[in-house]
Amino acid sequence: MKAFLLYFLFSLYLSQALAQNLVKNPSLEQLKGGIVGFRGVSGTPDIASVESKVIMYPPYFNAYRSETPGRQLTNIAFGEVCLCQWFSYGASELTQAELTRPLQKNKEYLVSLYTIKASTIEPPISEITVHFTNRPQRFTRQVYGLKEHPLTGASIPYLSLKATPPGPLASRQVWTKVSAIYKAKGGERYLVIGNFIGANAAALESMNPDEEQEEKGSKIKGTYYCYDNISVVLKSEAAQEEAQPSSAATASRKSQPLPFAIGETITLEDINFTSGDHHILSVAYPMLDSLAAFMRNEQEAVVHITGHTDDVGSEEDNLELSVRRTEAVREYLTNSGIAEDRISTEGFGESKPKVANDTEENRALNRRVEIKISQK
């Protein structure tokens, strides 16, 4: 399994290289006095990092360590660092990402990123908005949208990145990919991420329906989203890569055929989840994405998802963990466009081990989620 994981990651690296992502440091993992290639240009955008890799470079605030439950990231799936921003109907933090080279005039680019909702009770938005510019923006702690911000009075054309199929970005457990096509004017060298005036209007206006927003943030209700794996690639390169996958990726698929057929059972091992928790890690995404694609093509296919654990810990805790993991997989599939009535779940905890829980290797085999594919 470790060898396959390394091979998969190497294949992913090769495919990204072929597509020539123009975003410098797209996963935000390169650090040198800050996040290489990224800088806040409005307000105080946040950085979320796991506890073992805490970073707090001004103007960033570490959202992962926040003691405020409504603004704490639940799952960092693509590594140890991601970007987070607060915004409301009339105000937004902005972050600028540097490109490795200017965009070419009249060329079309596929722009994408992964996002996750990090606030709790606020209504979900349906688009992440970005703006390309030739010149870097100057940093100000004033928030875009408030009258003191230099960009507030300007008409800023933004690009709406949406999920496929389009829908609310409501998940706090699963990262969702959003994307759009941008036709370059030529010379754009910076990508600005934020909620630009006019975007997500209905959802954000509902948070402050009866009063004008004031400049003191404590009196403004807003929402909070995080981003990772930001990408800008030529549309032609992306299409070519999709039509003709790299030989390494093809070899990987041939060596690990995915058992998508009626009557088959797929197993997600413990390595596909955050240790001791239900959050799905990105290593499981390709398999789940392929399963969702299979189910969209095979409309008669349904799945029954069962969760299992080893016998370490209490029976009650193990049962709860197994249920939460099946629900996380169900949510991933529904976010991928699969109807809820085609998915059933059941958690068994430690009651149905595959093998005896007498060694660490065997206990690892028992920590699993099984997905049984059937026909309606």
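The coordinates are above.
Each chain carries its own residue numbering, running from 1 in the written order of its sequence. Residues qualify for local features only when their pLDDT is at least 70, as the model is predicted, and side-chain atom pairs are given and counted only at 80 or more; totals for whole chains, interfaces and linings, by contrast, use all residues. The side-chain numbers reported here are obtained from all heavy atoms of the structure, hydrogens and water having been left aside.

Peer 1: For this particular structure, what's the right way to read the state of the cysteines?
Peer 2: A covalent bond between the sulfur atoms of two cysteines is what we call a disulfide. By convention in this document, the label disulfide applies to cysteine sulfur atom pairs within 2.5 Å. By the definition in use, this model includes one disulfide. Between Cys84 and Cys226 runs a disulfide, and the two sulfur atoms are separated by 2.1 Å. Measuring handedness by torsion sign, the sulfur bridge of Cys84 and Cys226 sits at about 100 degrees and is right-handed. With a gap of 142 residues between them, Cys84 in strand 3 (residues 81–87) and Cys226 in strand 10 (residues 223–234) connect regions that are remote in the sequence. The same class applies to Cys84 as to Cys226, namely buried. In this structure Cys82 is not part of a disulfide, and its nearest cysteine sulfur, from Cys84, lies 4.3 Å away. Burial here depends on accessible area, computed with a 1.4 Å probe over protein chains only, as a share of the maximum for the residue type. Under 20% is buried, over 50% is exposed, and the range in between is partly exposed. With relative accessibility at 0%, the residue Cys82 sits in the buried group. Comment: elements are numbered from the N terminus, with helices defined as DSSP H or I runs of at least four residues and strands as E runs of at least two.

Peer 1: Please clarify how helix 5 (residues 285–297) should be interpreted in this entry.
Peer 2: Side chains of residues three or four places apart in an α-helix project in the same direction, reflecting 3.6 residues per turn. One fewer than the residue count of a helix, multiplied by 1.5 Å, yields its expected span. For helix 5, which comprises 13 residues, the first-to-last C-alpha distance of 18 Å matches the rise-based estimate of 18 Å (1.5 Å per residue) to within 8%. When helix 5 is considered as a whole, its buried residues turn out to be Tyr285, Leu288, Leu291, Ala292, Phe294 and Met295. In what follows, a contact means two residues having at least one pair of non-hydrogen atoms within 4.5 Å. On its buried side, helix 5 packs onto strand 11 (265–269), strand 12 (301–308), helix 6 (315–335) and strand 14 (368–375).

Peer 1: Honestly, the pattern of salt bridges in this entry has me stumped. Any pointers?
Peer 2: For side chains of opposite charge, pairing can occur when their charged atoms come near one another. Put simply, a salt bridge is a Lys or Arg side-chain nitrogen that is within 4 Å of an Asp or Glu carboxyl oxygen. Under the defined criterion, the tally for this structure stands at nine salt bridges. Here Asp277 ties to Arg324 by a salt bridge, and the two come within 3.1 Å at their closest N and O atoms. With Asp277 in the loop between strand 11 and helix 5 and Arg324 in helix 6, this residue pair connects regions lying 47 residues apart in the sequence. Residue class for Arg324 comes out partly exposed when judged on its relative accessible area of 28%. In this structure, Glu360 and Arg367 form a salt bridge, with 3.3 Å as the shortest nitrogen-oxygen distance. Glu360 gets classed as partly exposed once you look at its relative accessible area, which sits at 41%. Take Arg367: its relative accessible area is 18%, and that puts it in the buried class.

Peer 1: Where do I start with the pairing of strand 5 (residues 108–117) in this structure?
Peer 2: Along any regular strand the residues' side chains alternate between the sheet's two faces. Most of strand 5 sits out of view: eight of its ten residues are buried. Two strands are counted as paired when DSSP detects at least two bridges linking them. Bridge count for strand 5 against strand 8 (residues 176–183) is eight bridges, and the pairing is antiparallel. Following the sheet pairing, Leu110 is matched in strand 8 by Ile181. Judged from the eight bridges that link them, strand 5 and strand 10 form a sheet pairing that is antiparallel. Within strand 10, the residue paired with Lys117 across the bridge is Tyr225.

Peer 1: Can you help me understand unusual backbone geometry in this one?
Peer 2: With glycine set apart, most residues show a phi of negative sign, and most peptide bonds adopt trans. That bond from Thr164 to Pro165 is cis: its omega, -5 degrees, falls within 30 degrees of zero. Inspection of the secondary structure puts Pro165 in the loop between strand 7 (159–161) and strand 8. The phi dihedral of Asn25 falls on the positive side, at around 60 degrees, and the residue is not glycine. With respect to the helices and strands, Asn25 occurs in the loop between helix 1 (2–19) and strand 1 (38–42). Although it is not a glycine, Asn229 adopts a positive phi angle of roughly 45 degrees. Along the chain, the position of Asn229 falls in strand 10.

Peer 1: Teacher, can you tell me more about the sheet that holds strand 2 (residues 46–49) here?
Peer 2: Hydrogen bonds between backbone atoms are what pair the strands of a sheet, whose relative direction is either parallel or antiparallel. The strand order across the open sheet formed by five strands is 2-3-10-5-8, and the pairing between neighbours is antiparallel. Bordering the open sheet on either side are strand 2 and strand 8, each of which pairs with just one other strand. Across the sheet, the axes of successive neighbouring strands diverge by a mean angle of 35 degrees, strand direction being ignored. Helix axes are fitted to C-alpha atoms over the stretch in contact, other axes to C-alpha atoms as well, and angles between N-to-C directions run from 0 to 180 degrees.

Peer 1: How should I be thinking about the sheet that holds strand 1 in this particular structure?
Peer 2: In spatial order, the strands read 1-4-9-6-7; together these five strands make up an open sheet with antiparallel pairing. If you trace the sheet from one side to the other, it starts and ends with strand 1 and strand 7, each paired once. Averaged over all pairs of adjacent strands, the angle between strand axes in this sheet comes to 30 degrees, irrespective of strand direction. As paired strands, strand 1 and strand 4 (residues 94–98) are joined by four bridges and run antiparallel to one another. Within the sheet, the bridge partner assigned to Phe38 lies in strand 4 and is Ala97.

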